[in-house]
Amino acid sequence: MSSTMNCPECNHEILTRMGTICPNCGYTVGYFNGDIKRKKYAKFFALTVFTPFISFITIIFAQLNKYTMFIGIAIFFYLAIKSCPISFKEIFLTKFEKIFFWLIWILANSLIFSLIVNILIKTMKG
């Protein structure tokens, strides 16, 4: 059974379970209660979706010479750190969300890291 809380709008007692609607004022308990959480979630989602793509494109174009490659690698590590789910741990409500986003982050960044390693090996041999 879910615990109860006072509705932030009308102070009526409601359940804390997500999706609960206050019968008094219509307030809905959910992910985006408040602007701060909404902004953090939007930032995290954008970083999760676009960071691997930006890193991939950067590495592909950075392999022109060793200096641009080092800049591309630095950009990859910077973006990987900024999009790390540990920085956004307070937005996850369920254990599934936490595990899902960690797996996505690990998979995407390990694939890009293996791309970097392969490019570096090929440039050292050739």
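Residues numbered from 1 in each chain as written. Predicted model: local features only at pLDDT ≥ 70, side-chain atom pairs only at ≥ 80, totals over all residues. Heavy atoms only, no water.

Chemist: Got a sec to walk through helix H3 (residues 95-125)? Specific residues and values, please.
Modeler: Taking 1.5 Å per residue as the helical rise, H3 with its 31 residues ought to reach 45 Å, and the 45 Å between its terminal C-alpha atoms agrees with that figure. Within H3 the residues assigned to the buried category are Glu97, Phe101, Ala108, Asn109, Ile112, Ile116 and Ile119. (Helix = DSSP H or I, 4+ residues; strand = E, 2+ residues; numbered from the N terminus. Expected span 1.5 Å × (residues − 1). Buried < 20%, exposed > 50% of the residue type's maximum accessible area, 1.4 Å probe, protein only.)

Chemist: Lay out the packing of aromatic side chains with the relevant residues and their values.
Modeler: Overall, the coordinates contain 7 aromatic pairs when judged by the stated rule. Arranged with centres 5.9 Å apart and planes meeting at 20 degrees, the rings of Phe96 and Phe100 form a pair that is stacked. Of this pair, Phe96 and Phe100 both sit in helix H3, separated by 4 residues, roughly a single helical turn. Judged by relative accessible area, Phe100 falls into the partly exposed class, the value being 39%. Relative to Trp105, the ring of Trp102 lies with its centre 5.6 Å away and its plane at 85 degrees, an arrangement referred to as edge-to-face. A residue pair is termed a helical-turn pair when its members lie 3 or 4 positions apart in one helix, as Trp102 and Trp105 do in helix H3 at 3 residues. With a relative accessible area of 27%, Trp102 lands in the partly exposed category. Among the aromatic residues, those joined into a cluster by ring pairs are Phe44, Phe88, Phe96, Phe100 and Phe101. (Phe/Tyr/Trp six-rings, centres within 6.5 Å; stacked < 30°, edge-to-face > 60°.)

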